[in-house]
Structure formats: structure tokens, C-alpha cells
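Listed below, chain by chain, are the residues.
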Amino acid sequence: LEDRSPGLFKIYAMQQSTSSGNYTDTLLIKKDSSITSVKDLVGKKLGVNPGTFAKEMAKIMLEKNGVKNVDRVEFIQLTPNLHLQALQSSQIDAVIAYEPVTTQAITQGVAIVLKPHPFEDVMDPFPNVGFTISTKVVNENTDLAKRIIRAIEKAIIYGRSNPEIANRSASKYIKISEDILNKLRYPEQVLGKEIDKKRVQEVADLYAQRGLIPQKINIDDLFFIDESNQ
């Protein structure tokens, strides 16, 4: 988005996937699958989220795990609500899934983990979600922007200390049983002042290197940090 229409948004917090235990990405296979390693995915169908990001990061992960003929892996782009069904019906042989699909699949006995946190092979930690706010709001109503951001920051801080309660709050928005909500791996979220901008720049550089964006982007101007709230 920044490449196509610069200056539309500002990042004020982020979510990152890390091998420390707070990763939300998992490479799953069917419970009775003959696949035993990432290399076995050659000639198979690998489910990924829609869009160029998921497919390209999956390619890097495969390359890092010794798959030399990545072009022989068929990438099937599926929305998360179809991951479990596609795996169960053998429309795909494996899937890079995220919470809550991962916990659902394992709890229901549909899948087992082939590789936890596959994207750690790409980068660890991996900044994979940006909490953004409109630059227009920031410029035209700075006080409102700061109040919105502070509210979200309080939610992030609360969730760190109360992950089970935070997970259960998802029941208001998605239909998932409480026993699964209680097992979800709570994502690692970082406040604006905690963001590792160097790592985010590495992600932007990786996008340019892999052709996801046509040129390198300097991420320095992408952040809105409320200095009065430090």
C-alpha cells in the first residue's frame, strides 16, 4: 500500500511471530499423512493464505529447508476458513495455518504439526502485522488519534497479562468453542516504542528483493509514536 499510495497510513503497534513460543504460524499435515519432512512437499499441494505475501514467504521457507525445486510444489491459495476443510478432504496435502485454525485442526484430530513456526526460517522474530491509523486522522485530529492508540495499547498490555481472557473475548466475533479458545497461542504484540524498526526495514527490503514491491521503501516515516505517552 505504501508503494502504491505513499503516506496513507501510520503504524503505531505491531504483531510479530517468534520462536519464543508466541508464534501463530504452523505448517500442518493430515494426521495420517505420509509426509515426514518439509522436503516431502515436493510434488504436493500446499495451502497458503491468498495474496503474494503468503506464497512468497512459503517459497523462502521451503528453500531454507533444502527444497531445491520449489516450482514443483503447487501453492493453493485459500482463505483461512477453508484451510481445515481443504486439508480434511485432501484437496491439499499441507497448509501453513494460523490461529485459530491450527488449534482447531489439532484439537479435532484432523491434523498434526509438521513444522512449528515455519516463518522463523525467513526471519525470527517476523513482524507480520501492522496496527495502522489513517495519516489524515493523525494530521487533522491528533488528539483523537492519540486516544485511539492509547486504548489499543491498554488492550495489548492487558492481553499480555491475561491471555486466556483476551482469547475468550474473540467469541464475540467468531464462532469457536470455549475449549479451543482456551488453548489458543496468544500472539506477541509490541507497542510503538517497542517496535524493532530495523527488523521492519529488513521485511520491506525482503519484499523488494523478492519482487513483491518494485523498489525499496524507507520505513522511517511509516510510524506514529505518541511521544507524550512514553
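Higher on the page you've got the structure.
Thresholds, definitions, all that
- Residues numbered from 1 in each chain as written.
- Predicted model: local features only at pLDDT ≥ 70, side-chain atom pairs only at ≥ 80, totals over all residues.
- Heavy atoms only, no water.
- Pairing = 2+ DSSP bridges.
- Helix = DSSP H or I, 4+ residues; strand = E, 2+ residues; numbered from the N terminus.
- Axes fitted to C-alpha atoms, helices over the stretch in contact; angles between N-to-C directions.
- Contact = heavy atoms within 4.5 Å.
- Buried < 20%, exposed > 50% of the residue type's maximum accessible area, 1.4 Å probe, protein only.
- Phe/Tyr/Trp six-rings, centres within 6.5 Å; stacked < 30°, edge-to-face > 60°.
- Lys NZ or Arg CZ within 6 Å of the ring centre and 35° of its normal.

J.: Is there a simple way to think about the sheet that holds strand β7 (residues 126-134) in this case?
T.: Two modes of strand pairing occur in sheets, parallel and antiparallel, and in both the strands are linked by backbone hydrogen bonds. Strand order in the open sheet formed by 3 strands is β7-β1-β8, with antiparallel pairing between adjacent strands. Of all strands in the sheet, those with a lone pairing partner are β7 and β8 (188-191), marking the two edges. If you compare each strand with its neighbour and ignore which way they point, the axes differ by 30° on average. Examined bridge by bridge, strand β1 (residues 9-17) and β8 share 4 bridges and lie antiparallel to one another. Each residue of the ladder has a partner; that of Gln16, found in β8, is Glu188. Against the sheet, helix α5 (residues 142-161) touches β1, β7 and β8, its axis set at about 140° to β8.

J.: Hey, could you run me through the pairing of strand β2 (residues 25-30) in this one?
T.: Two faces belong to every sheet, and in a regular strand the side chains alternate between them. For β2, a buried count of 6 out of 6 residues is recorded, marking the element as mostly surrounded by other parts of the structure. Pairing between β2 and strand β5 (residues 94-98): 5 bridges, direction antiparallel. Bridging from a neighbouring strand, Ile29 pairs with Ala94 of β5. With 5 bridges connecting them, β2 and strand β6 (residues 111-116) associate as antiparallel partners. Across the sheet, residue Thr26 finds its bridge partner in β6, namely Pro116.

J.: I tried to follow the sheet that holds β2 on my own but got confused; where do I start?
T.: Within the open sheet, the 5 strands sit side by side as β4-β3-β5-β2-β6. Their pairing is mixed. Every interior strand has two partners, whereas the edge strands, β4 (74-77) and β6, have only one. The sheet shows a mean angle of 30° between the axes of neighbouring strands, direction not considered.

J.: Where do I start with the packing of aromatic side chains in this structure?
T.: To describe a pair of aromatic rings, one takes the distance between the centres and the angle between the planes. Scanning the entire structure with this criterion turns up 5 aromatic pairs. Measuring from ring centre to ring centre gives 6.2 Å for Phe119 and Phe126, while their planes differ by 35°; the resulting arrangement is tilted. Exposure class is identical for Phe119 and Phe126. Each is buried. Put simply, the rings of Phe53, Phe119, Phe126 and Tyr207 pair up and form one aromatic cluster. Taking the ring centre of Tyr23 as reference, the NZ or CZ of Arg185 above it sits at 3.9 Å.

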